[in-house]
Amino acid sequence: AEMRVAVVGAGVSGLTATKCCLDEGLEPTCFEQSQDIGGLWRYTEHIEAGRPSLYPSVISNTSKEMSAFSDFPYPEDFPVFLPNARLLDYLRRYAERFGLREHIKFETTVVSIRKHPDFATTGQWNVVTEAHGKQTSHVFDAVMVCSGNFSEPSLPLHCFPGIERFRGQYFHSRQYKHPNVFQGKRVLVVGMGNSGVDIAVEASRVAAKVTICTSRGAWLLSRVFDHGYPWDMVYNTRLMSLIRNNLPGPLSWEFINYKMNQRFNHENYGLQPEKRYLLVPLLNDDLPSYILTGRITIKPGVKEFRDNSVVFHNCPEEEPVDIVVFCTGYDVSFPFLEESVVKVENKHASLYKYVFPTHLQKHTLAVLGLIKPLGAIMPLTEMQARWVTRVFKGRRAEGSSPGYQNAVQTGHILSLHQDGFSSVKWLIYMDTLASFIGAKPSVLGLLCRDPWLALTIFFGPCSPYQYRLRGPGRWEGARQAILTQWDRTLKPTRTRVPAGSSSSFPSLLTVVGFLLLLAAMIFGF
């Protein structure tokens, strides 16, 4: 009989998990508590319903070529960075194309997932769901938890002395609905995550004054990167990854420091991070100009709150404040799992490769999308799902061999950063999981057979299609998708071409490519 898999949630990871189950001949049932697919990305609908907005940034942070599912490129007329309505449209097309809807049960909440009495031999799970007030019990052979990480807002008020005497209004960024609340007010945003900066930028259009306080500082990336190309298509290339990850620690820091300060000097803007923090850069196109025009001020961390003001570390004078927004991240929680399955202790969960709970006798439960890469989450959760479904099937994907057991004993513990996510190096992680299932592209192997493709893979962006060139789930269209990725990127913006101009991009790439080829050969791939 086919292996029955329960998928929890029909957001980005739930959809691709369902598809990967079908690809591997498993039988998925996906439970989604709302009435539609899309999870986080149904932001506008949440606003219309008056529910707290789940995520204020309404434009995708990664470019369409880098964030596509690996066998389903975005339509070429879609903008390069997608507003969430277009992203939702893409997810709906994906569900349509691979027939996912018929496997999703909407308006169904997963109440509990418990080990089946004979779990030790079968690895099965008892899953209880609730729909329209009625509970149902099921038995599944395996479970994929795709319920996302924006679960529990983390608001450590004890870290902010004097907050109890503060007379103004304060709330967690998750409660933020609309900038109107800031009209004419003096606003303090605590924390320098993506959502904090997004909220500060929105607030500064209507507020009297906006201050962001941060103890760590942050690197700031813009979607528009070197020569106007999308940041991730320049940053996440195999060549750049090789340079960044093979330099000794201090040199690597200097390299990143130099790269990040090329566009503007972070120290002059009060943003320069402390050297001891290796931070995930933020993405925001507006902040530097908003600081320059005085709409937003950056301050150090909060020392204490007073009745109507706040005092910052190393700043003698107090700053009057009416509203405080705490952008202090989220705690990961899985209310439907018993504690023993995924142990989350002070934001640490012990998960092998951030996916499999390390101490289960049978590896029939996986957690997807619990990481926050500096890169696109969609192809990453898809890669997790491809690996997980192979492990479930007992295909001896390397990840399920005895080597896996040893790794589990030595404990690859997942550390969740202050915002309840773990952060990973996107390309390295993708390659690791791809090598488990034999889908990692071989640049050297291709060099003789298909040199142009090999060069594009090494020097060009590491787009998801690279992971469909070989191995299980090989896709015929992968090579073509890789060679045309820049065409799809330039199509929506090169909408007015001056007479007599030609695209200089490929010719330049060719020249640089062959020059760098020698260097790459010496480096060794």
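Residues numbered from 1 in each chain as written. Predicted model: local features only at pLDDT ≥ 70, side-chain atom pairs only at ≥ 80, totals over all residues. Heavy atoms only, no water.

Participant: Which parts of the structure should I look at to understand the overall build of the protein chain?
Facilitator: A count of helices and strands for the protein chain gives 18 helices and 25 strands. Considering only residue pairs separated by 6 or more positions, the protein chain has 68% of its internal contacts joining residues 24 or more positions apart. Of the roughly 23,000 Å² of accessible surface on the protein chain, 53% is carried by carbon and sulfur atoms. (Helix = DSSP H or I, 4+ residues; strand = E, 2+ residues; numbered from the N terminus. Contact = heavy atoms within 4.5 Å. Areas by Shrake-Rupley, 256 points an atom, 1.4 Å probe, with all protein chains shown as cover.)

Participant: Looking at this model, I keep getting lost on the sheet that holds strand β24 (residues 365–367). Mind explaining?
Facilitator: The pairing of strands in a sheet happens through backbone hydrogen bonds and is either parallel or antiparallel. Across the sheet, five strands lie side by side as β3-β2-β1-β7-β24; this open sheet has parallel pairing. Looking along the sheet, the strands with just one partner apiece sit at the ends: β3 (104–105) and β24. Note: strand β1 (residues 4–8) against strand β7 (residues 142–145), four bridges, orientation parallel. When the sheet's bridge partners are listed, V5 is paired in β7 with A142. Contacting β1, β7 and β24, helix α11 (residues 377–393) runs over the sheet at an angle of about 165° to β7. (Pairing = 2+ DSSP bridges. Axes fitted to C-alpha atoms, helices over the stretch in contact; angles between N-to-C directions.)

Participant: Help me understand the nonpolar core, please; the structure alone is not making it clear to me.
Facilitator: The nonpolar side chains of a soluble globular protein tend to be buried with one another. Judged by nonpolar contacts, the single largest core of 70 residues is most densely connected at Y90, L91, M144, F356, W387 and F392. Two domains each provide a minimum of three residues to this core, namely domain 1 (4–151 + 331–436) and domain 3 (446–523). Ranked by size, the runner-up nonpolar core spans 28 residues in total, among them F182, M192, I296 and V325. (Core = buried A, V, L, I, M, F, W, Y, C linked by side-chain atoms within 4.5 Å. Buried < 20%, exposed > 50% of the residue type's maximum accessible area, 1.4 Å probe, protein only. Domains from an automatic or database assignment.)

Participant: I'm lost on the pairing of strand β16 (residues 309–312) in this one. Help?
Facilitator: Looking down a regular strand, the side chains alternate between one sheet face and the other. Both faces of β16 are covered, namely the face carrying S309 and V311 and the face carrying V310 and F312. Two successive antiparallel strands, strand β15 (residues 302–305) and β16, enclose a turn made up of three residues. In this structure, β16 lies alongside strand β17 (residues 319–320), joined through two bridges in antiparallel fashion. Residue pairing for β17: V310 is matched across the bridge by E319. In textbook terms, the turn of a hairpin is the stretch between consecutive antiparallel strands, and for β16 and β17 this stretch comprises six residues, one of which, N314, has a positive phi near 60°.

Participant: Looking at this model, I keep getting lost on the sheet that holds strand β14 (residues 296–299). Mind explaining?
Facilitator: Ordered by their spatial adjacency, five strands build an open sheet running β9-β18-β10-β11-β14, and the pairing between neighbours is parallel. Whereas interior strands pair on both sides, the edge strands pair on one side only; in this sheet they are β9 (169–172) and β14. When the angles between neighbouring strand axes are averaged without regard to direction, this sheet yields 20°. Sheet analysis places β9 next to strand β18 (residues 323–326), joined by four bridges and oriented parallel. Following the sheet pairing, H172 is matched in β18 by F326. Against the sheet, helix α6 (residues 194–203) engages β10 (186–190), β11 (209–213), β14 and β18, with an angle of about 165° to β11.

Participant: Any chance you could explain the packing of helix α8 (residues 238–246) against helix α13 (residues 426–437) here in plain terms?
Facilitator: The relative placement of two packed helices is expressed as an angle between their axes plus a distance between the axes. The interhelical angle for the contact between α8 and α13, taken along N-to-C directions, is 105°, at an axis separation of 10 Å. In terms of axis orientation, α8 runs roughly perpendicular to α13. Contacts between α8 and α13 involve R238, S241 and N245 from the first element and L427, I428 and D431 from the second. Classifying every residue of the contact of α8 with α13 by side-chain character gives two nonpolar, two polar and two charged. (Parallel < 35°, antiparallel > 145°, perpendicular 65-115°, else oblique. Nonpolar A, V, L, I, M, F, W, Y, C, P; charged D, E, K, R; others polar.)

Participant: Before we go on, may I ask you to explain the packing of aromatic side chains in this structure?
Facilitator: How two aromatic rings sit relative to each other is set out by the distance from centre to centre and by the angle between their planes. Counted under the stated rule, the structure contains 28 aromatic pairs. When the ring of F72 is compared with that of Y90, the centres are 5.4 Å apart and the planes differ by 40°; the resulting orientation is tilted. With F72 in the loop between α3 (64–67) and α4 (84–97) and Y90 in helix α4, this residue pair connects regions lying 18 residues apart in the sequence. F72 sits in the buried class, given a relative accessible area of 14%. Exposure remark for Y90: the relative accessible area of 0% places this residue in the buried category. Linked through ring pairs, F69, F72, Y74, F78, Y90, Y94 and F98 together constitute an aromatic cluster. Taking the ring centre of F140 as reference, the NZ or CZ of R4 above it sits at 4.5 Å. The cationic tip of R86 hangs over the ring face of F78; the distance from NZ or CZ to the ring centre is 4.4 Å. (Phe/Tyr/Trp six-rings, centres within 6.5 Å; stacked < 30°, edge-to-face > 60°. Lys NZ or Arg CZ within 6 Å of the ring centre and 35° of its normal.)

Participant: Explain the pairing of β1 here, please?
Facilitator: When you tally the buried positions in β1, you get four out of five residues, the bulk of the element. Taken together, the five bridges between β1 and strand β2 (residues 27–31) define a ladder with parallel strand orientation. For V7, the partnering residue across the bridge sits in β2 and is C30. Chirality of the crossover, the property in question, places the unit of β1, helix α1 (residues 12–23) and β2 among those that are right-handed. (Right-handed = clockwise from strand over helix to strand, strands pointing away.)

Participant: Please clarify how α1 should be interpreted in this entry.
Facilitator: Residues lying three or four places apart along an α-helix face the same way, a consequence of the helix completing one turn every 3.6 residues. Helix length check: α1 (12 residues) gives 17 Å between terminal C-alpha atoms against 16 Å at 1.5 Å per residue, within 8%. Among the 12 residues in α1, 10 count as buried, and that is most of the element. Residues of α1 that are buried: V12, S13, G14, L15, T16, A17, T18, K19, C20 and C21. Where the residues of α1 are buried, they touch β1, β2, α4, β3, β7 and α11. Once α1 finishes, G25 follows within two positions and takes phi at roughly 75°, a positive value. (Expected span 1.5 Å × (residues − 1).)

Participant: Is there a simple way to think about α13 in this case?
Facilitator: Its 12 residues give α13 an end-to-end C-alpha distance of 17 Å, which sits within 8% of 16 Å, the value for a rise of 1.5 Å per residue. Counting buried residues along α13, nine of its 12 residues qualify, which places the element largely inside the surrounding structure. For α13, every residue scored as buried is listed here: W426, L427, Y429, M430, D431, L433, A434, F436 and I437. The inward-facing, buried residues of α13 contact α3, α8, β22 (351–352) and α11. At the C-terminal side of α13, G438 shows a positive phi close to 75°.

Participant: Explain the pattern of salt bridges here, please?
Facilitator: Where charged atoms of side chains with opposite charge meet at close range, the side chains can pair. Considering all chains together, one arrives at 25 salt bridges under this definition. Measuring nitrogen to oxygen at the nearest pair gives 2.6 Å for the salt bridge that ties K19 to D23. Of this pair, K19 and D23 are both found in helix α1, four residues apart, which corresponds to roughly one turn of the helix. On the accessibility criterion, K19 (3% relative accessible area) is buried. Of the charged contacts, one joins E382 and R468 as a salt bridge, the two residues approaching to 3.0 Å between their closest N and O atoms. A residue pair is termed long-range when its members are at least 10 positions apart, and E382 in helix α11 and R468 in the loop between α15 (451–459) and α16 (478–483) qualify at 86 residues. Side by side, E382 and R468 carry an identical accessibility label, which is buried. Beyond isolated ion pairs, a larger network of salt bridges with shared partners links K19, D23, D71, E382 and R468. (Salt bridge = Lys/Arg side-chain N within 4 Å of Asp/Glu carboxyl O.)

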